[in-house]
Protein chains: 2
Amino acid sequence: MFPLALDPASEVPLYRQLFGQLREQITSGQMAAGERLPATRELAGSLGLNRATVTAAYELLEVEGLISGQVGRGSFVLERRRGDGVAWSALMREAPLLPGAAPGALLSFATSRPPEDLFPLELIRLTCNEVMESPSFPAVLQLGAPSGYEPLRQFLLEEARRRSVAGGGDDLLITSGCQQALDLLTRVLVRPGDSAAVEDPVYPGLKNLFLQAGAKLAAMPVGECGIDPAAMRESSKVAVVTPSFQNPTGATMTVEARKELVRRAREFGTVLVENDIYSSLCYEGQPLAPLKQFDEAGDVVMLGSFSKIAFPGLRVGWAIGPKALIARMTAAKQLADLHTDQFSQAVLLRFAESGRLEEHHGRMLAAGAERLRAVMDACAAYLPQGTRFTRPSGGMNLWVRLPEPLDAHDLLPRAQRENVAYLPGRYFAVARVEPGALRLSFASLAPGQIREGVEILGRLFTAELSRDTRPEMAMV
Amino acid sequence: MFPLALDPASEVPLYRQLFGQLREQITSGQMAAGERLPATRELAGSLGLNRATVTAAYELLEVEGLISGQVGRGSFVLERRRGDGVAWSALMREAPLLPGAAPGALLSFATSRPPEDLFPLELIRLTCNEVMESPSFPAVLQLGAPSGYEPLRQFLLEEARRRSVAGGGDDLLITSGCQQALDLLTRVLVRPGDSAAVEDPVYPGLKNLFLQAGAKLAAMPVGECGIDPAAMRESSKVAVVTPSFQNPTGATMTVEARKELVRRAREFGTVLVENDIYSSLCYEGQPLAPLKQFDEAGDVVMLGSFSKIAFPGLRVGWAIGPKALIARMTAAKQLADLHTDQFSQAVLLRFAESGRLEEHHGRMLAAGAERLRAVMDACAAYLPQGTRFTRPSGGMNLWVRLPEPLDAHDLLPRAQRENVAYLPGRYFAVARVEPGALRLSFASLAPGQIREGVEILGRLFTAELSRDTRPEMAMV
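Residues numbered from 1 in each chain as written. Chains lettered and ligands numbered in written order. Predicted model: local features only at pLDDT ≥ 70, side-chain atom pairs only at ≥ 80, totals over all residues. Heavy atoms only, no water.

Novice: Quick question: what am I supposed to make of helix H3 (residues 51–63) of chain A here?
Specialist: Helical geometry note: an α-helix holds 3.6 residues per turn, so side chains three or four residues apart project in the same direction. Residue and element names in this part refer to chain A. Taking 1.5 Å per residue as the helical rise, H3 with its 13 residues ought to reach 18 Å, and the 19 Å between its terminal C-alpha atoms agrees with that figure. If you check which residues of H3 are buried, you get Thr-53, Val-54, Ala-57, Tyr-58 and Leu-61. One side of H3 holds all its buried residues, which, seen down the axis, span an arc of 135°. In this structure, H3 carries Ala-52, Glu-59 and Val-63 as exposed residues pointing more than 90 degrees from its buried face. Lining the buried residues of H3 we find helix H1 (14–27), helix H2 (40–47), strand S1 (67–70) and strand S2 (74–77). Positive backbone phi, approximately 75°, marks Gly-65, located one or two places after H3. (Helix = DSSP H or I, 4+ residues; strand = E, 2+ residues; numbered from the N terminus. Expected span 1.5 Å × (residues − 1). Buried < 20%, exposed > 50% of the residue type's maximum accessible area, 1.4 Å probe, protein only. Arc of directions from axis to C-beta. Contact = heavy atoms within 4.5 Å.)

Novice: Help me understand the pattern of salt bridges, please; the structure alone is not making it clear to me.
Specialist: A side chain of one charge can pair with a side chain of the opposite charge when the charged atoms of the two come close. Residue and element names in this part refer to chain B. Under the definition given, this model contains 49 salt bridges over all chains. Measuring nitrogen to oxygen at the nearest pair gives 2.5 Å for the salt bridge that ties Glu-122 to Arg-125. Here Arg-125 and Glu-122 lie together in helix H5 (residues 121–133), a separation of 3 residues that amounts to about one turn. Using a relative accessible area of 53% as the deciding quantity, one classes Glu-122 as exposed. (Salt bridge = Lys/Arg side-chain N within 4 Å of Asp/Glu carboxyl O.)

Novice: Hey, could you run me through the relation of the copies chain B and chain A in this one?
Specialist: Applying a rotation about an axis and a shift along it to one chain copy brings it onto the other copy. In the superposition of chain B on chain A (RMSD 0.2 Å, axial shift 0.0 Å), the rotation amounts to 180°. In symmetry terms, the pair is related by a two-fold rotation axis. Among all residues of chain B, the one whose C-alpha sits closest to the rotation axis is B:Asp341, at a distance of 3.5 Å. When the interface residues of chain B are mapped onto chain A, 100% of them again fall at the interface, so both copies present the same face. (Least-squares fit on C-alpha atoms with pLDDT ≥ 70 in both.)

Novice: Would you take a moment to explain the sheet that holds strand S8 (residues 238–241) of chain B for this structure?
Specialist: Within a sheet, each strand pairs with its neighbour through backbone hydrogen bonds, oriented either parallel or antiparallel. All names here are of chain B. With mixed pairing, the 8 strands of this open sheet are ordered in space as S4-S11-S10-S9-S8-S5-S6-S7. Strand pairing shows two members of the sheet lacking a second neighbour, strand S4 (170–175) and strand S7 (226–227), which therefore form its edges. Judged from the 6 bridges that link them, S4 and strand S11 (residues 317–322) form a sheet pairing that is antiparallel. Paired with Ile-174 across the strands is Trp-318, a residue of S11. Set on the sheet, helix H8 (residues 177–189) makes contact with S4, S8, strand S9 (271–275), strand S10 (301–305) and S11; between it and S10 the angle comes to about 155°. (Pairing = 2+ DSSP bridges. Axes fitted to C-alpha atoms, helices over the stretch in contact; angles between N-to-C directions.)

Novice: Please clarify how the environment of B:Ser112 should be interpreted in this entry.
Specialist: Residues and elements named next belong to chain B. On the secondary structure map, Ser-112 appears in the loop between strand S3 (107–108) and H5. Along the sequence, Ser-112 and Asn-247 sit 135 residues apart, while their C-alpha atoms lie 8.4 Å from each other. Leave out the neighbours within four places in its chain, and Ser-112 touches Tyr-278, Lys-308, Met-396, Asn-397, Arg-439 and Ser-441. At 2.7 Å, the side chain of Ser-112 and the side chain of Tyr-278 are in polar contact. A distance of 3.3 Å separates polar atoms of two side chains, one belonging to Ser-112 and the other to Asn-397. (Polar contact = N/O pair within 3.5 Å; in protein donor to acceptor, adjacent residues only side chain to side chain.)

Novice: Just checking my understanding: could you explain the packing of helix H12 (residues 342–353) of chain B against helix H13 (residues 356–382) of chain B for this structure?
Specialist: In a pair of packed helices, the angle between the axes and the distance between the axes together describe the arrangement. All names here are of chain B. Running from N to C, H12 and H13 cross one another at 75°; their axes reach a closest spacing of 4 Å. Judged by the angle between their axes, H12 and H13 are roughly perpendicular. Here Arg-350, Phe-351 and Ala-352 of H12 lie close against H13, whose contacting residues are Arg-356, Leu-357 and His-360. Its residues assigned to classes, the contact of H12 with H13 shows 3 nonpolar, 1 polar and 2 charged. (Parallel < 35°, antiparallel > 145°, perpendicular 65-115°, else oblique. Nonpolar A, V, L, I, M, F, W, Y, C, P; charged D, E, K, R; others polar.)

Novice: Help me out: how do you make sense of the pairing of strand S11 (residues 317–322) of chain A in this one?
Specialist: Remember that side chains alternate between the two faces of the sheet whenever the strand is regular. Residues and elements named next belong to chain A. Burial of S11 is extensive: 6 of the 6 residues sit out of reach of the surface. In this sheet, S11 lies alongside strand S10 (residues 301–305) in antiparallel orientation, the contact comprising 4 bridges. The residue of S11 that forms the bridge with Ser-305 is Gly-317.

Novice: Mind showing me how you'd approach the packing of helix H8 (residues 177–189) of chain A against helix H11 (residues 323–337) of chain B here?
Specialist: In the contact formed by H8(A) and H11(B), the axes pass within 5 Å of each other and the chain directions differ by 95°. What the angle tells us is that H8(A) and H11(B) run roughly perpendicular. Counted together, A:Gln179, A:Gln180 and A:Asp183 of H8(A) and B:Gln334, B:Leu335, B:Ala336 and B:Asp337 of H11(B) form the full contact between these two elements. Along the lines of polarity and charge, the residues of the contact of H8(A) with H11(B) split into 2 nonpolar, 3 polar and 2 charged.

Novice: Looking at this model, I keep getting lost on the interface of chain B and chain A. Mind explaining?
Specialist: In this assembly, 82 residues from chain B lie in contact with 82 residues from chain A. Buried surface at the junction of chain B and chain A, both sides included, amounts to about 7600 Å², of which 58% is carbon and sulfur. Scanning the region where chain B abuts chain A turns up 4 salt bridges. A salt bridge links A:Arg187 to B:Asp183; the nearest nitrogen and oxygen atoms lie 2.3 Å apart. Elements represented by at least two residues in the side of chain B that touches chain A include exactly helix H4 (88–91), H5, helix H6 (137–141), H8, helix H9 (204–212), helix H10 (255–268), H11 and H12 of chain B. It is H11(B) that provides the largest number of residues to the side of chain B that touches chain A, a total of 8 residues. Across the side of chain B that touches chain A, the residue classes break down as 41 nonpolar, 19 polar and 22 charged. (Buried area = accessible area lost by both parts, 1.4 Å probe.)

Novice: Got a minute to help me understand the environment of B:Val400 in this structure?
Specialist: Residue and element names in this part refer to chain B. Along the chain, the position of Val-400 falls in strand S13 (residues 397–401). Judged by its relative accessible area of 1%, Val-400 is buried. Sequence spacing of Val-400 and Pro-424 is 24 residues, and the spatial spacing of their C-alpha atoms is 9.6 Å. When residues no more than four places from it in sequence are discounted, the contact partners of Val-400 are Cys-379, Leu-383, Thr-387, Arg-388, Phe-389, Gly-436, Ala-437, Leu-438 and Leu-440.

Novice: Hey, could you run me through the state of the cysteines in this one?
Specialist: As used here, a disulfide is simply a covalent bond connecting the sulfur atoms of two cysteines. Residue and element names in this part refer to chain B. Throughout the structure, instances matching the rule amount to 0 disulfides over all chains. Here Cys-225 stays unpaired: no disulfide links it, and the sulfur of Cys-282, its closest cysteine neighbor, is 14 Å away. The exposure class of Cys-225 is partly exposed, given its relative accessible area of 43%. (Disulfide = S-S within 2.5 Å.)

Novice: So what exactly am I meant to see when it comes to the sheet that holds strand S12 (residues 388–389) of chain B here?
Specialist: Residues and elements named next belong to chain B. Strands sit in the order S12-S13-S16-S15 across an open sheet of 4 strands; the sheet is antiparallel. Two strands bound the open sheet, and with one partner strand each, they are S12 and strand S15 (423–424). By the bridge criterion, 2 bridges tie S12 to S13 in an arrangement that is antiparallel. Residue pairing in the sheet places Arg-388 in a bridge with Arg-401 of S13. Of the strands in this sheet, S12, S13 and strand S16 (437–441) touch H13, which is tilted by about 10° from S13.

Novice: What am I meant to see in the nonpolar core here?
Specialist: As a rule of thumb, nonpolar side chains are buried together in soluble globular proteins. The biggest cluster of nonpolar side chains holds 217 residues, and the ones touching the most others in it are A:Tyr422, A:Leu440, B:Tyr422 and B:Leu440. Residues within four places of B:Tyr422 in sequence aside, it is in contact with B:Phe109, B:Ala110, B:Ala408, B:Leu411, B:Leu412, B:Ala415, B:Leu438, B:Arg439, B:Leu440, B:Leu457 and B:Phe461. (Core = buried A, V, L, I, M, F, W, Y, C linked by side-chain atoms within 4.5 Å.)

Novice: Which parts of the structure should I look at to understand unusual backbone geometry?
Specialist: Backbone geometry follows two general trends: most residues other than glycine have a negative phi, and most peptide bonds adopt the trans configuration. Look at the link from B:Asp200 to B:Pro201: it is a cis peptide, with omega at 5°. Positionally, B:Pro201 belongs in the loop between strand S5 (195–200) and H9. Looking along the chain, the bond that leaves B:Glu404 and enters B:Pro405 is cis, with omega of 0°. Inspection of the secondary structure puts B:Pro405 in the loop between S13 and helix H14 (408–417). The backbone of A:Asn419 sits at a positive phi, close to 70°, despite the residue not being glycine. Along the chain, A:Asn419 falls in the loop between helix H14 (408–417) and strand S14 (420–421). Overall, A:Asn419 belongs to the partly exposed group, its relative accessible area being 29%. The phi angle at B:Phe245 is positive, at roughly 55°, despite the residue not being glycine.

Novice: I would appreciate a short explanation of the pairing of S13(B) in the present structure.
Specialist: Residues and elements named next belong to chain B. For S13, the buried fraction is high: 5 of the 5 residues fall into the buried class. Residue alternation in S13 divides its side chains into two sets, Asn-397, Trp-399 and Arg-401 and Leu-398 and Val-400, and both sets are buried. Direction of pairing for S13 relative to S16: antiparallel, over a ladder of 5 bridges. Across the sheet, Leu-398 pairs through a bridge with Leu-440, a residue of S16.

Novice: Help me understand H12(B), please; the structure alone is not making it clear to me.
Specialist: Residues and elements named next belong to chain B. Across its 12 residues, H12 extends 16 Å between first and last C-alpha, which sits within 8% of the 16 Å expected from 1.5 Å per residue. Within H12, 10 of the 12 residues are buried, which leaves it mostly tucked inside the rest of the structure. Restricting attention to buried positions, one finds in H12 the residues Gln-342, Phe-343, Ser-344, Gln-345, Ala-346, Val-347, Leu-348, Leu-349, Phe-351 and Ala-352. Two or three places before Phe-343, at the start of H12, stands the capping residue Asp-341, its side-chain oxygen 3.2 Å from that residue's backbone nitrogen. Directly after H12, the chain includes Gly-355, whose backbone phi takes a positive value near 85°.

Put into C-alpha cells, the structure is as follows:
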C-alpha cells in the first residue's frame, strides 16, 4: 500500500477519502491482486482515525468488488480474471459528493423549499382539470419539442419582454428546473480547465456541476451585499451570480454593484449567468432590477423557475439568453432528456395564466415574511453569544456563523438526534471553509417549528461552547 | 481563406458543413478580422455548390456575430474589440446535429411515438383526480428524491423482480425518460477515447450522446435478426443493444443470440446496456426473454420507459443495474436535474397499479398490429420494384431500402411538399451510410393514413426512378 493523505478539513468525509484513495491504488494496479490490506485497527492507529472510519471504507471497497474480507484472516485485494464480468469500480467515474438527506428530522432546516402546508390543493385540482378538459390535452400527452411546450414558452417570453429581461436578440428554453439549465450551460460552455467564477459560499449543486465539467473555480467571496463586482476577473470564461437572496447566505447585491458587474462582464467578454430563482420572494419593499435589465449587449443569461414560488415537485424552469446560446442549449437539452414533462408545463401555464399563481404568490410572501421574522428573532434569542447571522429581506435562507471553536459539521449528528437538521457550511465552501457556518432554510417550516428548532440548536450549541474540551468527534 | 473540404455523403447538410468550417477558420484566427469572404456566387462555383447553400452558411455566420454583410461590398470577418461583450461563437462547443422536425407534414412517419387518438383521456382524468385526492398529493408537489418517487420505484422494482430482470444485486433509478438514462450512463461510464459498441443503423439520440461524450463508436451491423453477437469486440467498454424491435430497423434478436451476447459481455467485462423500451409492443406471439434474464453475473443494465406504451409527454423512464452503478447514476441525476417530475411519476404509478395501463396496453397492441399490417401491405403494394423492407413483429418502426440510385435524403423535401415526412437513413448511420434507406415510424398514424402516405411516397419514388437523369438536388 502506498502512503495515504487524508484532509480532515475537507467537506468529503474521512471514510470516503480513505475509500477513494484505496480504490485508486487498487484499480491502478498500485496494490496488486492478492495483497493484504492492513487490519482496521492497525490502519486506524497509523492514520489517527477512528476504527469505524476504516471499517466503513473497507465495506465500500467490498461492495464494489475490489476486496474480500475473510474472518480471522483480514481483507485482500481481489484478483480479477477474464470472465469475471464487468470491473465496475475501475470503469466508473468518481461520483460528486452531495449533501445527504436528513431522513426523519422533524424540524428540517436542510432544504431550500416552499412550505408544503401552503400548497393550494383546490386551485391545483381545478387547474389540472381545466388542462385535462382542454382540446390541447392529447398534444400535451404526446412527445413534445426540446425547446418546451410552446404556449408556455411564449407566455414566459412575453412576460420577460414586459419586464425588460428579454430583448430582440434573446430566446427562451424551458428546462427541467433551474438545475438543468445550469447543467445545460456547463455542457455547452465549459471545457476542462476553463475558469468559472462562483460565489463563495455557493449552492453545492452549482459548484459540483462545474467541478464535474472540469472547470477551475474562481471564488468570489459573498459579503453583506453579495459579491464585490471587482472579484470577477477577466480570466473567467463564465460567472454565475445570484444577485437577490443568494443561496446560502440570503445576501442581495445593490443596484450599483449590479450595474458594475454587467459592465465588467461586457468589458471582459465573460458570460454572466444570473440565477434569478429567489428574487420574487421579496418580503420587504420591491424586488431590485435584475442584472439582465442592465444588459444592453444582450449577453446576460438569466435563469428562472417555478420551483421556489409554486411546487418544486413539478420540474419546470427556464433560461433566457442570446439566440445562438439558446439554440445550442436546446440541442443539448434534446440529447439530455428530449424535452421537459409537458403535463407539468401545461398545468403551470394554466396556473399562471388564470391569475392563481399571483394569488398564491401573495400568500407565499405573507407566510415568508412571517417565517423570516421568526427565524431572525429565534436566532437572536436562542443562539449563543458571539453568533453572527445574515439578515436577508427575502428568499428562503439564512447564514449563521457560530462562535469558535464550534464546528457545525461535527454538531449536526447531535442536532439530528434531537430531530433538527441543517446543512453545515462546508457543503457550500469554494475556497474558504468556515467550520462554524451553517445554513438555515426556514421557508418550509411554520413559525412555531422554526422557534422550536432554533431553540434546540441554541441549547445544544451553548452547552457545547461551555464545555472545556473539544468533543471527540471534532478530533477525528 | 483556407481550403474547404465538404462531404456530400455526410449526414450533416452541406450548408452546416460550410458554416462549421468557416466558423472554425474565423474563431481560430486563420481568417483575420476585416478579411473579405468570397462572394456567394464565386464560392458556390468553386465548390460545386448551389448558391443558396453558401448564402445559408453566411447567414448562420452573421447570426453568430462572426461576419457582417454589407450590400454591394460583400461579407467581412468582424473585428472583436475589448468591451464587445461575449464572443459566443468562440466560447460554445459545437452542437450535435439532430434530425429536424417536419412541421406541417400531415402524414408524418418521422417520429417513433404512440397514436394520440388512442390516448384514454377519461382514464387519465380519473387517474389524475385520484392522485390529487390522495393524502400523499402534497408530498408529490414537494421537492423529491433523486432516485425517484419512492412508491413508483418500489412498484417498478417489484415488477422487475417478478420478471426476473432484477436480482439481489440490482437497484433501480427513475429517469426523465429513457433518453436521460442513456445520458446518465454516458456521464458515469464514458471517458473521451473509450470505445462504445452500437448498432448500425442506430437511434440518433444514442449515437450523438456517445459522440458528444468523446466515445469512439464501434458499429455492430444490424441484420434480419439484429446484431451478430460476434460483432461485439473485447475492446468495447460499453455496448448498447435493443434486442427487440430495434429502432430504426424493427429487427429482433433470437434467444440464442441474446444468450451468446450476454456470455461474451461477461467474458470481456463489457458493460452491456439493454434498451428495452419496445419489447412489450409485441404484436405476434409472446415477447422474448430480455438479455437481463440471462445475466447471472448481474452486470447487464436494462432501460425501460412508459413513453412507448403510455404517454411520451409524461417523461418517466428507468434504469435497472448493479447497485454501485445505480448509486453513481443517481448522483449524476441529482446534478442533472435534481429529480424527475413527481406529478407524472405519481400519475403513471396510479395508472399502472389500477390495471388501467394493462387495459390500455391491450388496445395499443391491437392497434399496433393493425398499423403494422397496413404499413407492410402498403410498402408491398406501392413502393417501386427492387425496394426491400424489414418485417418486424412489433414496435413502431420499419426500415425501407429503396433501389439505386434513389437517395432518401434528397427525396425528402419533395415528400414534404406532398405533406409526407420520414427520416432518411443517414441520420441513423454509424459506419455504413445507406443513401436509399429510410425509416417509417408507423405507430402514430391510422391505417388509412398509412396507406395514403406510403402511396404518395411510392408514386414519388417510382417517378424519380423512371427519370433518365439524376435530379439537380442529388448533385449538390
